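Below are the chains, spelled out letter by letter.
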Amino acid sequence: MTFKQGNGSAPRVGVVLVQHDRSRYPHTLPRLFAALSGLTADPFYVVVDNAMSGDWEHQVSGSLVHIGGDNSAWEFSAFDRGIDWLSRRDEPPEVYILSTDALPAYGDTVLQLINDRILNVCRRRQACIGWVDSFMQTCRILDYCYEAWLRTSLLFLPAERIANLRPVAFPIEDELFFSNDPGQPFLSDAPLSENLQHLLREWLTTNPADAKVLAQGWHSQFRLDPSTLALFRGKSKAILREHLLSARLVALGAPCFDFRAIERASELDLLDEALGDTAWQWLGWTRAASVAVKAQGNSRSGWSAAISHLGAAVSSLAPRRGSGPTLVLPMLEDEAAIRQELEFFEKNVLPLVLQRFGDVRIEVDDGRKSISAPAVACLLPRKVSPVSSAIARAAAQGAPPIGCWSKEVGREPADGLHFLKADRSSEYAAACCRLIEEPELRAKLAYEAHRLTAES
């Protein structure tokens, strides 16, 4: 391996790219090359070909080798094979970058966040860095409880963390988790929380769910029947292994950072201070909240107190640059009702959103003053139908509605194109975060909501 010389010693970097569907994702490798070309380090690439398994290898260049895959546990067994290959080098990597050929399915945003800062934080703090996703619900697999995880489509891991984590393909026994019934694909005593079982079925399949929780599904959803049961098991195990990877890292005491958190802290010139605070470790707050829960008798109020405290810690990381996103709450005729709703959102929804964004606020739209920009979402009260004109005002300024279904919004949503459903605080928070992060979706939903309210 060769390395570029920069300020100080550049870390040795090994990239493991799992390739499986070259027809669907033909440009992943050159896009990854381009994204990593700006690093001070000069990575060595191992492309693990899961479409062609075996012990073969082909040296493509001085910094790229193509080797046979291992698809027994999908990308995770391939990760292990690539890591094994790199670890046998005379100079094994200090930092591993794991990626899959499906990386382009998530857009270029994550690739644009890669720079030497990410690499240095990974090596210096022995931190695991990726894109954090969350169901905003506490899920359980075996003895691991978690609320968020790092995507394995692109993940930076220090070599020491890799060594303590192996194998990446965590063993999951079919007979412990799965039944042979497509109607009830999980065993009644499977070591998975019920909400995770529900979320997996809703995410992966087109089968009707008892209660919709997710705003969207997997890009390759399928109908669950006897012919697709094996596919469901395989993809479910891949998701479980992805979640377990993060849960195991947290259990090992590894700090887990989000690409965006590092970027945000750097913009505020608070990189060292912010990354020392668990509130900026988007998996770290779960660990801190667990301590608080244990101290308060494992009560629900313990979680609430811990989340509120950490949310306040994020929002106190001044200085703020400009006004942040605004969540709009329409005015209700009943003054007591609006106070109740405002208290609900401030105590239960806002602290969760503040875990990701430290400068979000809730504003009541009373129709007498303009809504602060940028308005992100119109939070529909849970029990009382809001005034449609208030929803239209918010939607016209780019804030689509979130909440339980209300006839005031227009008509029953078709395919969820103009409305994000939520009836619990975690769902409101997850929807708010999604709209903050996805301006194109926000604009699309706001346009539909405004059109429908204008027609009604």
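Quick caveat, the model's predicted, so the values are computed rather than measured.

Undergrad: How would you explain the overall build of the protein chain if you had to name every residue and give the values?
TA: When helices and strands are counted, the protein chain shows 16 helices and 15 strands. When each of the 456 residues of the protein chain is scored for burial, the buried share is 53%. Expressed as a percentage of contacts within the protein chain between residues at least 6 apart in sequence, the contacts between residues at least 24 apart total 67%. Carbon together with sulfur atoms contributes 49% to the accessible area of the protein chain, which is approximately 20200 Å² in total.

Undergrad: An account of helix H1 (residues 28-36) is needed here, citing residue identities and associated values.
TA: Looking at H1, one finds that the buried residues are Thr28, Leu29, Leu32, Ala35 and Leu36. Projected down its long axis, H1 shows its buried positions confined to an angular sector of 125 degrees, all on one face. Where H1 is buried, its residues meet strand S1 (13-19), strand S2 (44-53), strand S4 (64-69), strand S5 (95-100), helix H3 (109-112) and strand S9 (154-158).

Undergrad: Kindly report on the state of the cysteines, identifying the contributing residues and their values.
TA: Here a disulfide denotes one covalent bond, and it connects the sulfur atoms of two cysteines. Scanning the model with the defined rule gives 0 disulfides in all. Sulfur of cysteine 433: no disulfide; nearest cysteine sulfur belongs to cysteine 432 and is 6.9 Å away.

Undergrad: I'd like to hear about the pattern of salt bridges, residue by residue, with values.
TA: Considering all chains together, one arrives at 10 salt bridges under this definition. We note a salt bridge from glutamate 94 to arginine 123, for which the minimum N-O separation is 4.0 Å. With glutamate 94 in the loop between helix H2 (74-87) and S5 and arginine 123 in helix H4 (residues 116-124), the pair connects residues that are 29 residues apart, well separated along the chain. Salt bridges sharing partners connect three or more residues here, namely Arg12, Glu94 and Arg123.

Undergrad: Describe the packing of aromatic side chains, with residues and values.
TA: Within this structure, the stated rule accounts for 12 aromatic pairs. Note on tyrosine 146 and tryptophan 149: the rings are 6.5 Å apart at their centroids and 85 degrees apart in plane angle, and the pair reads as edge-to-face. An identical accessibility class is assigned to tyrosine 146 and tryptophan 149; each is buried. Centre to centre, the rings of phenylalanine 156 and phenylalanine 259 are 5.9 Å apart; their planes meet at 85 degrees, and the pair counts as edge-to-face. Here phenylalanine 156 is found in strand S9, whereas its partner phenylalanine 259 is found in helix H9 (residues 259-267), with 103 residues between them in sequence. Here the aromatic residues Phe177, Phe178, Phe186 and Phe232 are joined through ring pairs into a cluster of three or more. The ring of phenylalanine 44 carries arginine 89 above its face, with NZ or CZ at 4.6 Å from the centroid.

Undergrad: Describe the pairing of strand S3 (residues 57-61), with residues and values.
TA: Bridging between S3 and S4 involves 4 bridges; their strand directions are antiparallel. Among the inter-strand pairings, glutamine 59 is bridged to a residue of S4, identified as valine 65. Linking S3 back to S4 in an antiparallel pair, the connection comprises 2 residues.

Undergrad: Can you tell me about the pairing of S9, naming the residues and giving the values?
TA: The element S9 is largely enclosed, with a buried count of 5 among its 5 residues. The side-chain alternation of S9 yields two buried faces, one formed by Leu154, Phe156 and Pro158 and the other by Leu155 and Leu157. As paired strands, S5 and S9 are joined by 5 bridges and run antiparallel to one another. Paired with valine 95 across the strands is proline 158, a residue of S9.

Undergrad: Can you tell me about the packing of helix H7 (residues 194-204) against helix H8 (residues 229-251), naming the residues and giving the values?
TA: Two elements in contact, H7 and H8, have axes separated by 11 Å at closest approach and are oriented at 125 degrees. When the axis of H7 is compared with that of H8, the two are oblique. Remark: the crossing between H7 and H8 carries right-handed chirality. Contacts between H7 and H8 involve Leu196, Leu200, Arg201, Trp203 and Leu204 from the former and Phe232, Lys235, Ser236, Ile239, Leu240 and His243 from the latter. Across the contact of H7 with H8, the residue classes break down as 7 nonpolar, 2 polar and 2 charged.

Undergrad: Report on the confidence of the model for the protein chain, specifying residues and quantitative values.
TA: Mean pLDDT over the protein chain works out to 79, with 78% of the residues at or above the 70 mark. Every residue in residues 1-8 is under pLDDT 50, and counting partners more than four places away or in other chains gives 19 contacts. Counted against residues more than four places away or in other chains, residues 277-322, with its pLDDT under 50, gives 82 contacts.

What counts and what doesn't
Residues numbered from 1 in each chain as written. Predicted model: local features only at pLDDT ≥ 70, side-chain atom pairs only at ≥ 80, totals over all residues. Heavy atoms only, no water. Helix = DSSP H or I, 4+ residues; strand = E, 2+ residues; numbered from the N terminus. Buried < 20%, exposed > 50% of the residue type's maximum accessible area, 1.4 Å probe, protein only. Contact = heavy atoms within 4.5 Å. Areas by Shrake-Rupley, 256 points an atom, 1.4 Å probe, with all protein chains shown as cover. Arc of directions from axis to C-beta. Disulfide = S-S within 2.5 Å. Salt bridge = Lys/Arg side-chain N within 4 Å of Asp/Glu carboxyl O. Phe/Tyr/Trp six-rings, centres within 6.5 Å; stacked < 30°, edge-to-face > 60°. Lys NZ or Arg CZ within 6 Å of the ring centre and 35° of its normal. Pairing = 2+ DSSP bridges. Axes fitted to C-alpha atoms, helices over the stretch in contact; angles between N-to-C directions. Parallel < 35°, antiparallel > 145°, perpendicular 65-115°, else oblique. Left-handed = near helix turned anticlockwise from the far one by under 90°. Nonpolar A, V, L, I, M, F, W, Y, C, P; charged D, E, K, R; others polar. pLDDT = per-residue confidence, 0-100.

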